[in-house]
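Fold and contact review
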Amino acid sequence: MSRIWDISQPLHAGVPVWPGEPAFALHSHAVIGDGCPVNVGGMSTPLHAGTHGDAPLHYANDGVSSADSDLDPYIGPCVLIDVRHAQGRVEVGDIDWDAVAGAERVLLRTYETFPHHVWDSDFTAIAAEVIARLGGMGVRLIGTDAASLDPEQSKTLDAHQAVKAADMRILEGLVLDDVPSGRYELIALPLRIVGADASPVRAILRELA
Ligand SMILES: N[C@@H](CC(=O)c1ccccc1NC=O)C(=O)O
Ligand SMILES: [Zn+2]
Ligand SMILES: [Zn+2]
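Residues numbered from 1 in each chain as written. Chains lettered and ligands numbered in written order. Predicted model: local features only at pLDDT ≥ 70, side-chain atom pairs only at ≥ 80, totals over all residues. Heavy atoms only, no water.

1. A look at the coordination of the zinc ion (ligand 3)
Octahedral six-donor coordination of a metal ideally yields angles of 90 or 180 degrees, compared with 109.5 degrees for tetrahedral four-donor coordination. Put simply, the rule reads: Coordinating donors are taken as N, O and S atoms within 2.8 Å of the metal, stretched to 3.2 Å for Na, K and Ca; because water is absent from the atoms, sites can appear incomplete. Every helix listed is a DSSP run of H or I at least four residues long, and every strand listed is a run of E at least two residues long, numbered separately from the N terminus. Using a 1.4 Å probe on the protein chains alone, a residue whose accessible area is under 20% of its type maximum counts as buried, one over 50% counts as exposed, and one in between counts as partly exposed.
Summarising the metal site, the zinc ion (ligand 3) is bound by the protein donors D54 (OD), H160 (NE2), E172 (OE) and E172 (OE), whose distances to it range over 1.8 to 2.7 Å. Linear spacing of the donor residues for the zinc ion (ligand 3) on their chain is D-x105-H-x11-E. In this structure, the zinc ion (ligand 3) lies 3.4 Å from the zinc ion (ligand 2), and both are coordinated by D54. Linking D54 in strand 4 (residues 52-54) with H160 in helix 3 (residues 158-165), this pair joins segments that are 106 residues apart in sequence. Judged by its relative accessible area of 1%, H160 falls in the buried class.

The structure is reproduced here in structure tokens:
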């Protein structure tokens, strides 16, 4: 059997969320007891909490929602590239472009150790030029272990806009700590949430046969 890496953050009350967003919460609506045969829960979550896919609706009013997005970008061969050496922002010179050649899905590892317990305002963003070059090479999905492609304080979202121009899809908040660089099969499907600008995903990498 081929090995599977779970590259998703656990979702729980303490999962770091974008500043100002409400915490993730799991509620109990029913518990097993006299007259009740089941436990039943519900959840409340910011859509950009944990490991998630941005829908184009996040960065454009005419963009599709999670329910309406093609699924192709989120499933298939991918390459994981180590860019831990990048300073502040991933620039064109930080990427091993030979490793990218031919890939339709590219995941970038920026963290030495993923910050599971605190919000990191200084995450490593990605330059719009990098996205444009990836798009020009036929890449359809960009993934990162950072909370966003653009810096937390950005109001122009240049990298997201470059994704829009190339009609790519985005995964954010991946956990890539224990995964060697190289090629894998990616599966990270957004939920079919009508009108949603983002969705949690269960992201996995599977060793290629
Ligand atoms: N663009 C970010 C998310 C984002 O910008 C955001 C998420 C939640 C609440 C506010 C946000 N941005 C406000 O300027 C992302 O990459 O998904
Ligand atoms: Zn997001
Ligand atoms: Zn985003």
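2. Some remarks on the packing of helix 2 (residues 128-136) against helix 3
For clarity, the cut-off: Lines fitted to C-alpha atoms define the axes, with helix axes restricted to the stretch in contact, and inter-axis angles between N-to-C directions lie between 0 and 180 degrees. When an angle is under 35 degrees it counts as roughly parallel; over 145 it counts as roughly antiparallel; between 65 and 115 it counts as roughly perpendicular; any other value is oblique. Handedness of a crossing follows from how the near helix is turned relative to the far one, being left-handed for an anticlockwise turn of less than a right angle and right-handed for a clockwise one. Any two residues having at least one pair of non-hydrogen atoms within 4.5 Å are treated as being in contact.
Closest axis-to-axis distance for the helix 2/helix 3 pair is 8 Å, and the angle between their directions is 15°. Relative to helix 3, the element helix 2 is oriented roughly parallel. Along this stretch, helix 2 crosses helix 3, giving a crossing that reads as right-handed. Residue-level inspection shows A128, I131 and A132 of helix 2 in contact with helix 3, the latter providing D158, A159, A162 and V163.

3. Let's talk about the coordination of the zinc ion (ligand 2)
Protein-derived ligands of the zinc ion (ligand 2) are H48 (ND1), H52 (NE2), D54 (OD) and E172 (OE), with the metal-ligand distances lying across 2.1 to 2.2 Å. We note that the donor set of the zinc ion (ligand 2) lies within a single chain, spaced as H-x3-H-x1-D-x117-E. Residue class for D54 comes out buried when judged on its relative accessible area of 0%.

4. What about the site of ligand 1?
Condition: Being near a molecule or strand, for a residue, comes down to having at least one heavy atom within 4 Å of it. By the criterion applied in these results, polar contacts are pairs of N or O atoms within 3.5 Å in which, for protein atoms, one can donate a hydrogen and the other can accept it, and in which residues neighboring in sequence qualify only through two side-chain atoms. Computed with a 1.4 Å probe, the accessible areas rest on the Shrake-Rupley method; for each residue, only the protein chains presented here act as cover. Throughout this entry, Asp, Glu, Lys and Arg are counted as charged residues, while Ala, Val, Leu, Ile, Met, Phe, Trp, Tyr, Cys and Pro are counted as nonpolar. The remaining residues, Gly among them, count as polar.
Near ligand 1 the following residues occur: W18, E21, H48, H52, D54, H58, S148, K155, H160 and E172. Within the side chain of H160, one N or O atom sits 2.9 Å away from an oxygen atom of ligand 1. E172 has a polar side-chain atom sitting 2.8 Å from an oxygen atom of ligand 1. When ligand 1 is considered free in solution it has 410 Å² of accessible area, and contact with the protein chains removes 75% of it. Grouping the constituent residues of the shell around ligand 1 by class yields one nonpolar, five polar and four charged.

5. Observations concerning the layout of surface pockets
Applicable threshold: A cavity here means a set of 1 Å grid points, computed over protein atoms only, where a 1.4 Å probe fits but cannot escape. A pocket is an open set with protein on both sides within 12 Å along at least 5 of 7 lines, and lining residues have an atom within 4 Å of a point. Grid points are joined across faces, edges and corners, and a volume is the space filled by probe spheres set on the points.
There is about 240 Å³ of room inside the largest pocket. If you go around the largest pocket, you meet 16 residues; those closest to its centre are W18, H58, S148, E152 and L157. Of the residues assigned to the lining of the largest pocket, the class counts are four nonpolar, six polar and six charged.

6. Quick look at the packing of aromatic side chains
Test applied: Think of it this way: a Phe, Tyr or Trp ring, Trp meaning its six-membered ring, pairs with another when their centres are within 6.5 Å, and the plane angle makes it stacked under 30 degrees, edge-to-face over 60, tilted otherwise.
Under the counting rule described, the total for this entry stands at five aromatic pairs. With 6.3 Å between their ring centres and 50° between their planes, W18 and F123 make a pair best called tilted. Note that W18 is positioned in the loop between strand 1 (4-6) and strand 2 (25-30) and F123 in the loop between strand 7 (105-109) and strand 8 (125-126), a separation of 105 residues in sequence. Classification of W18 by relative accessible area gives partly exposed; the value is 28%.

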